[in-house]
Amino acid sequence: DAGVTQSPTHLIKTRGQQVTLRCSPKSGHDTVSWYQQALGQGPQFIFQYYEEEERQRGNFPDRFSGHQFPNYSSELNVNALLLGDSALYLCASSLGQGTLNTEAFFGQGTRLTVV
Amino acid sequence: DAKTTQPNSMESNEEEPVHLPCNHSTISGTDYIHWYRQLPSQGPEYVIHGLTSNVNNRMASLAIAEDRKSSTLILHRATLRDAAVYYCILRDVWNQGGKLIFGQGTELSVKP
């Protein structure tokens, strides 16, 4: 079992550009969440996808958008990048909504640097 | 979202027990207590969770106060590989599939 895989591992972008990050969930998982982790801080919830729809959203602007595909994989898109968007972006997968077995599995993350 | 309070950092000696405290005085009756840890350069990983009773698994034990306003994660024999940031998180039972609210966590260092 490959667990949660994210790509790319590192990325450097220029202010104003757009970026797409990708996530493949753990086998059998159907729910994907995205988190942003600034240096020295705990991860901050961006949004969660289930059944190809955004189900929950954190306090992030509309520049942050996502998508979930029929195979449960997911993308995080960030438009009009700002220097403050530099962070580690983490993807987490879990099984189902409303189930009690809700251990979340995290990927290694994508380190985004905006210059 | 209910909040938790943890010490910023703790130190332990290798092969000794470690007790990581967490205060959650505003916990509601439907909040589960979850613990995750984040090793250097890795994503967080699940450690343990509980509601009212103490819980044990292969990684750790979770001791929950009778009034549920505090809990303690217990690592029975710390190893160097246990050096990580430990996060205590409250998660509503009706939101079990939902977001995790991370605080600052406790950075645990383990001395050989």
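Above: the structure in question.
Thresholds applied
Residues numbered from 1 in each chain as written. Chains lettered and ligands numbered in written order. Predicted model: local features only at pLDDT ≥ 70, side-chain atom pairs only at ≥ 80, totals over all residues. Heavy atoms only, no water. Helix = DSSP H or I, 4+ residues; strand = E, 2+ residues; numbered from the N terminus. Rg over C-alpha atoms; globule rule 2.2 N^0.38 Å. Buried < 20%, exposed > 50% of the residue type's maximum accessible area, 1.4 Å probe, protein only. Contact = heavy atoms within 4.5 Å. Pairing = 2+ DSSP bridges. Phe/Tyr/Trp six-rings, centres within 6.5 Å; stacked < 30°, edge-to-face > 60°. Core = buried A, V, L, I, M, F, W, Y, C linked by side-chain atoms within 4.5 Å. Disulfide = S-S within 2.5 Å.

Student: Even after reading the chapter, I still don't get the overall build of chain B, so can you show me in this structure?
Tutor: A count of helical and extended segments in chain B gives 0 helices and 9 strands. When its helices and strands are written in sequence order, chain B yields β-β-β-β-β-β-β-β-β. Radius of gyration (C-alpha) of chain B: 13 Å, near the 13 Å computed for a compact globule of 112 residues. Looking at chain B as a whole, 44% of its 112 residues are labelled buried. In chain B, the share of contacts with a sequence separation of at least 24, taken over all contacts with a separation of at least 6, comes to 57%.

Student: Help me out: how do you make sense of the sheet that holds strand S2 (residues 18–23) of chain B in this one?
Tutor: Picture the strands of a sheet paired through backbone hydrogen bonds; they go either parallel or antiparallel. Residue and element names in this part refer to chain B. Strands sit in the order S2-S7-S6-S5 across an open sheet of 4 strands; the sheet is antiparallel. Of all strands in the sheet, those with a lone pairing partner are S2 and strand S5 (55–56), marking the two edges. Bridge analysis of S5 against strand S6 (residues 61–64) gives 2 bridges, and the strand direction is antiparallel. Along S6, the bridge assignment pairs Val55 with Leu62.

Student: Would you explain the packing of aromatic side chains in this entry?
Tutor: Given two aromatic rings, one states the distance between the centres and the angle between the planes to describe the pair. The full count for this structure, using the stated rule, is 10 aromatic pairs over all chains. A ring pair is formed by Tyr35 of chain A and Phe45 of chain A, whose centres lie 5.6 Å apart and whose planes are at 70°; its orientation type is edge-to-face. Placement of Tyr35 of chain A in strand S4 (residues 31–37) and of Phe45 of chain A in strand S5 (residues 44–50) is noted, with a sequence separation of 10 residues between them. Judged on exposure class, the residue Tyr35 of chain A and its partner Phe45 of chain A are both buried. A ring pair is formed by Phe60 of chain A and Phe64 of chain A, whose centres lie 5.1 Å apart and whose planes are at 70°; its orientation type is edge-to-face. Joined through ring pairs, the aromatic side chains of Tyr35, Phe45 and Phe106 of chain A together with Tyr36, Tyr46, Tyr87 and Phe102 of chain B make up one cluster.

Student: Looking at this structure, how should I read the nonpolar core?
Tutor: Among soluble globular proteins, nonpolar side chains are generally buried collectively. If you look at the biggest cluster of nonpolar residues, it comprises 21 residues, and the most contacted ones within it are Leu20, Ile33, Trp35, Leu73, Leu75, Tyr86 and Leu108 of chain B. Only S2, strand S3 (31–38), strand S4 (45–50), S6, strand S7 (70–75), strand S8 (84–92) and strand S9 (106–111) of chain B provide two or more residues apiece to this core. It is S8 of chain B that contributes the most residues to this core, 4 residues altogether. Of all hydrophobic cores here, the second largest spans 19 residues; its members include Val19, Ile46, Leu76 and Leu112 of chain A.

Student: Explain the state of the cysteines here, please?
Tutor: By definition, a disulfide is the covalent link that joins the sulfur atoms of two cysteine residues. Per the counting criterion, the structure on display carries 2 disulfides over all chains. Note that Cys23 of chain A is cross-linked by a disulfide to Cys91 of chain A, the S-S spacing being 1.8 Å. Here the disulfide of Cys23 of chain A and Cys91 of chain A is left-handed, its torsion about the S-S bond being about -60°. One end of the pair, Cys23 of chain A, is in strand S3 (residues 19–24); the other, Cys91 of chain A, is in strand S9 (residues 87–94), with 68 residues separating them in the sequence. Here Cys22 of chain B connects covalently by a disulfide to Cys88 of chain B, the sulfurs 2.1 Å from one another. An S-S torsion of about -85° defines the bridge between Cys22 of chain B and Cys88 of chain B as left-handed. Taken together, the residues span a long stretch of sequence, with Cys22 of chain B in strand S2 and Cys88 of chain B in strand S8 at a distance of 66 residues. A relative accessible area of 0% means that Cys88 of chain B is categorised as buried.

Everything listed here is a matter of coordinates, which is why it stays silent on function.
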